[in-house]
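Secondary and tertiary structure notes
Listed below are the residues making up each chain.
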Amino acid sequence: MDFPRTLPEGGDVLPGVANAVAIASAKGGVGKSTVAVNLALALAADGARVGLMDADIYGPSLPLMLGLRDAPEMDDEGRIRPLQAHGVSTMSMGFLAEEDAPVIWRGPLLGQATQQFLQQVDWGELDILLIDLPPGTGDIQLTLSQIVALSGAVIVTTPQAVALEDVERGIAMFDKVEIETLGIVENMCFYVCPHCDQKHALFGEGGGQSIADKAGVDLLGQLPLDERLRAAGDSGTPLIVSDPMAPQNKAFTDVGQALVSALSELT
Ligand SMILES: Nc1ncnc2c1ncn2[C@@H]1O[C@H](COP(=O)(O)OP(=O)(O)OP(=O)(O)O)[C@@H](O)[C@H]1O
Ligand SMILES: [Mg+2]
């Protein structure tokens, strides 16, 4: 896969990173972390150099989802080395927040702490860094977007009729800081019956496309509601690692390709 470069080369923050994409949603629990992890692994399986950063300070999910047990280490120059998980470089802001959380991660200090964190992590050369955001449209989302010149954002949504408003709130937040929404991913759209292989659209078909059309962005992909995806995420070994041939993985590969095309259109 050919990645474009949408970030400035040799910048202050993320100097070796060609593209940085935030995975966001206004509402919690829609599957941002699931999408971020599986998308990162799908891109890595296609040969990309991928980083994955968990920007959820209070409720980091990546250590659990990727089975990371160790704390990251610092090198002699005080730079933090990302942890390697199934070929993806990963780092969680949650590692740094344990003790000082109430003081540092608020208000004016938040920006400083975030910037310091970002500059300290030695990502090396990456084709793409995915940033798994906490839910909402608050401080951390805006701060991050201001510090890192993100290539763009992907908004994760679910197919209920009410989701349009959440998607629009997400897009509006990124608009405010002049970050382009590259598209939406509709998660938990359909269910494939394990007995008869029949596809059931739980909330009707076409919801994601219609939300994308109304919001004026691309639909990057649709993901099944799937028990194996959930169980694999909770166990620390994502499905794409435990069973690379599982049909569920294809959806993430497709989203990865759509995302790379969307990035290419920016350049
Ligand atoms: N496609 C899916 N099929 C089955 N379960 C899923 C799917 N996507 C997510 N889940 C499950 O739903 C729960 C919430 O997912 P996840 O943690 O990825 O959401 P999130 O948007 O990151 O949540 P938060 O807003 O708290 O960060 C998890 O238990 C996850 O395993
Ligand atoms: Mg999450």
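The shown structure was predicted, so the numbers you read here are calculated from the model rather than taken from an experiment.

1. Some points on the overall build of the protein
- Tallying secondary structure elements over the protein gives 11 helices and 11 strands in all.
- The C-alpha radius of gyration of the protein comes to 18 Å, within 12% of the 18 Å expected for a compact globule of 267 residues.
- Over its C-alpha atoms, taken along the principal directions, the protein stretches across nearly 55 × 40 × 40 Å.
- Taken over 267 residues, the protein has a buried fraction of 54%.
- Long-range pairs, those at least 24 residues apart, make up 74% of the contacts in the protein between residues at least 6 apart in sequence.
- As displayed, the protein has an accessible area near 12,200 Å², and 49% of this comes from carbon and sulfur atoms.
- Side-chain charges in the protein split into 15 positive and 36 negative, and the spacing between the mean points of these groups amounts to 4 Å.

2. Side note on the environment of Ala26
- With respect to the helices and strands, the residue Ala26 is situated in the loop between strand E1 (20–24) and helix H1 (32–45).
- For Ala26, the residues in contact, after removing those within four places along its chain, are Pro135, Gly136, Thr137, Asp166, Arg169 and Gly170.

3. Quick look at the pairing of strand E6 (residues 88–92)
- Burial analysis of E6 places 5 of its 5 residues in the buried class, which makes it a mostly covered element.
- Note: strand E2 (residues 50–54) against E6, 4 bridges, orientation parallel. Bridge assignment links Gly51 to a residue of E6, and that residue is Ser89.
- Alignment of strand E5 (residues 83–85) against E6, held across 3 bridges, turns out to be antiparallel. Bridge pairing links Leu83 to Thr90 in E6.

4. Looking at a nonpolar patch on the surface
- Taken together, the side chains of Tyr191, Leu202, Phe203 and Leu225 make up a nonpolar region of the molecular surface, amounting to roughly 340 Å² of accessible area.
- Mapped onto the secondary structure, Leu225 falls in the loop between strand E11 (219–224) and helix H9 (227–235).
- For Leu225, a relative accessible area of 33% puts it in the partly exposed group.

5. Let's talk about H9
- When we look at burial in H9, the residues that qualify are Leu229, Ala232 and Gly233. Taken down its axis, H9 places every buried residue within 100° of arc, on the same side.
- Buried residues along H9 sit in contact with H1, helix H2 (62–66), E11, helix H10 (239–242) and helix H11 (248–266).
- A side-chain oxygen of the first residue of H9 lies 2.9 Å from the backbone nitrogen of Arg228; this N-cap is Asp226.
- The positive-phi residue at the C-terminal boundary of H9 is Gly236, with phi of around 90°.

6. Describing the packing of helix H7 (residues 163–176) against helix H8 (residues 207–215)
- The geometry of H7 relative to H8 is characterised by a closest axis approach of 10 Å and an angle of 40° between their N-to-C directions. Between H7 and H8, the crossing angle belongs to the class labelled oblique. The two elements H7 and H8 meet at a crossing, and its hand is right-handed. Residues Ala163, Leu164, Val167, Glu168 and Ile171 of H7 pack against Ile211, Lys214 and Ala215 of H8.
- For the contact of H7 with H8, the per-class residue count stands at 6 nonpolar, no polar and 2 charged.

7. Some thoughts on the site of ligand 1
- In the vicinity of ligand 1 there are 16 residues, among which Lys32, Ser33, Thr34, Pro224 and Asp226 approach most closely.
- Separating an oxygen atom of ligand 1 from a backbone N or O atom of Gly31 is a distance of 2.9 Å.
- A distance of 2.9 Å is found between an oxygen atom of ligand 1 and a backbone nitrogen or oxygen belonging to Ser33.
- Surface burial for ligand 1 is 78%, taken as the share of its 630 Å² of free accessible area covered by protein chains.

8. Focus on the nonpolar core
- Residues Leu52, Ile128, Leu130 and Leu259 are the most contacted members of the largest nonpolar core, which totals 43 residues.
- Here the element with the most residues in this core is H1; it accounts for 9 residues.
- Within the second largest apolar cluster, 41 residues are counted, among which are Ala55, Leu150, Met173 and Val177.

9. A word on the confidence of the model for the protein
- Averaged over all residues, the pLDDT of the protein is 88; the fraction at 70 or higher stands at 95%.
- Ranking the elements of the protein by mean pLDDT puts helix H4 (residues 101–104) last with 50 and H1 first with 97.

10. Some thoughts on the packing of H1 against H11
- Contact geometry of H1 with H11 gives a least axis separation of 8 Å together with a crossing angle of 80°. Considered as vectors, H1 and H11 are oriented roughly perpendicular to each other. Residues Thr34, Val35, Asn38, Leu39, Ala42 and Leu43 of H1 touch H11, and the partners they reach there are Phe252, Thr253, Val255, Gly256, Leu259 and Val260.
- Class assignment of the residues belonging to the contact of H1 with H11 gives a composition of 8 nonpolar, 4 polar and no charged.

Basis of the calculations
Residues numbered from 1 in each chain as written. Chains lettered and ligands numbered in written order. Predicted model: local features only at pLDDT ≥ 70, side-chain atom pairs only at ≥ 80, totals over all residues. Heavy atoms only, no water. Helix = DSSP H or I, 4+ residues; strand = E, 2+ residues; numbered from the N terminus. Rg over C-alpha atoms; globule rule 2.2 N^0.38 Å. Buried < 20%, exposed > 50% of the residue type's maximum accessible area, 1.4 Å probe, protein only. Contact = heavy atoms within 4.5 Å. Areas by Shrake-Rupley, 256 points an atom, 1.4 Å probe, with all protein chains shown as cover. Lys, Arg positive; Asp, Glu negative; His and termini not counted. Charge placed at Lys NZ, Arg CZ, Asp CG, Glu CD. Pairing = 2+ DSSP bridges. Patch = residues over 30% accessible without salt bridge, like charges linked within 9 Å, V, L, I, M, F, W, Y side chains within 5 Å. Salt bridge = Lys/Arg side-chain N within 4 Å of Asp/Glu carboxyl O. Arc of directions from axis to C-beta. Polar contact = N/O pair within 3.5 Å; in protein donor to acceptor, adjacent residues only side chain to side chain. Axes fitted to C-alpha atoms, helices over the stretch in contact; angles between N-to-C directions. Parallel < 35°, antiparallel > 145°, perpendicular 65-115°, else oblique. Left-handed = near helix turned anticlockwise from the far one by under 90°. Nonpolar A, V, L, I, M, F, W, Y, C, P; charged D, E, K, R; others polar. Near = heavy atom within 4 Å. Core = buried A, V, L, I, M, F, W, Y, C linked by side-chain atoms within 4.5 Å. pLDDT = per-residue confidence, 0-100.

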